[in-house]
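# Fold and geometry: a report
The chain contents come next:
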Amino acid sequence: MDITVNNKTYTVEDLEMPLLWVLRDELNIHGPKYGCGMGLCGACTVHIGKTAIRSCSLPVGQVYGNITTIEGLGDPSAMHIVQKAWIEYQVAQCGYCQPGQIMSAVALLTQNPSPTDEDINLAMSGNLCRCGTYPRIKAAIKTAAKNINNKA
């Protein structure tokens, strides 16, 4: 089966292997992290199309559409607007969950460029941060939303 990851096509043999392990072990793409293995913590979040999904519990054989990891966000010559906001607010502490957090935030802002606090809380509720940087995450999302809306 062929899959497209970050606009590059790869052939995959084991269709039962979780997408996360295909990305990390077969394709050497290490942005998505292993956290819980059950899709509960969000560390493994990637996009299929414009939707954030948990890659640790999804067999690769069930994937249809372009897969985007944090390595494939935005223009290769510039950081995504959400990544810039993450740096501005120094969101990352240990950093382990941040690729998943960023991917969920980008999916939220793609679907809703003017989210309320409730929208942010709901969209980010599936992403856990052991360091507790939730206030900085929310502030970064709000700033990214303002920057997206000012660009339009």
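## Re the overall build of the protein
Within the protein, the regular secondary structure consists of 5 helices and 5 strands. When the helices and strands of the protein are placed in sequence order, the string is β-β-α-β-β-β-α-α-α-α. Oriented by its inertia axes, the alpha-carbon framework of the protein measures out at about 45 × 35 × 25 Å. Relative to its full complement of 152 residues, the protein shows a buried share of 45%. At a minimum sequence separation of 6, the contacts of the protein that also span at least 24 residues come to 59%. Accessible surface computed for the protein: about 8,100 Å², of which carbon and sulfur atoms make up 52%.

## Things to note about the pattern of salt bridges
Per the stated rule, a full pass over the model turns up 1 salt bridge. Salt-bridge contacts for K142 lead to D117; the nearest nitrogen and oxygen are separated by 2.7 Å. Remark: D117 occurs in helix α4 (residues 117-124) and K142 occurs in helix α5 (residues 134-151); sequence separation between them is 25 residues. Overall, the relative accessible area of 35% leaves K142 in the partly exposed class.

## What to know about unusual backbone geometry
At N7, a residue that is not glycine, the phi angle is positive and equals roughly 65°. Residues other than glycine seldom take positive phi values, yet Q90 does so here, at roughly 45°. Within the element layout of this structure, Q90 appears in the loop between α2 (81-88) and α3 (98-111). What makes Q90 exposed here is its relative accessible area of 60%.

## Examining the packing of α2 against α5
The N-to-C vectors of α2 and α5 enclose an angle of 135°; their axes lie 8 Å apart at closest approach. The orientation of α2 with respect to α5, classified from their angle, is oblique. Between α2 and α5 lies a crossing of right-handed hand. Counted together, I81, V82, A85, W86 and E88 of α2 and I137, A140, I141, T143, A144, N147, I148 and K151 of α5 form the full contact between these two elements. Across the contact of α2 with α5, the residue classes break down as 9 nonpolar, 2 polar and 2 charged.

Conventions and cut-offs
Residues numbered from 1 in each chain as written. Predicted model: local features only at pLDDT ≥ 70, side-chain atom pairs only at ≥ 80, totals over all residues. Heavy atoms only, no water. Helix = DSSP H or I, 4+ residues; strand = E, 2+ residues; numbered from the N terminus. Buried < 20%, exposed > 50% of the residue type's maximum accessible area, 1.4 Å probe, protein only. Contact = heavy atoms within 4.5 Å. Areas by Shrake-Rupley, 256 points an atom, 1.4 Å probe, with all protein chains shown as cover. Salt bridge = Lys/Arg side-chain N within 4 Å of Asp/Glu carboxyl O. Axes fitted to C-alpha atoms, helices over the stretch in contact; angles between N-to-C directions. Parallel < 35°, antiparallel > 145°, perpendicular 65-115°, else oblique. Left-handed = near helix turned anticlockwise from the far one by under 90°. Nonpolar A, V, L, I, M, F, W, Y, C, P; charged D, E, K, R; others polar.

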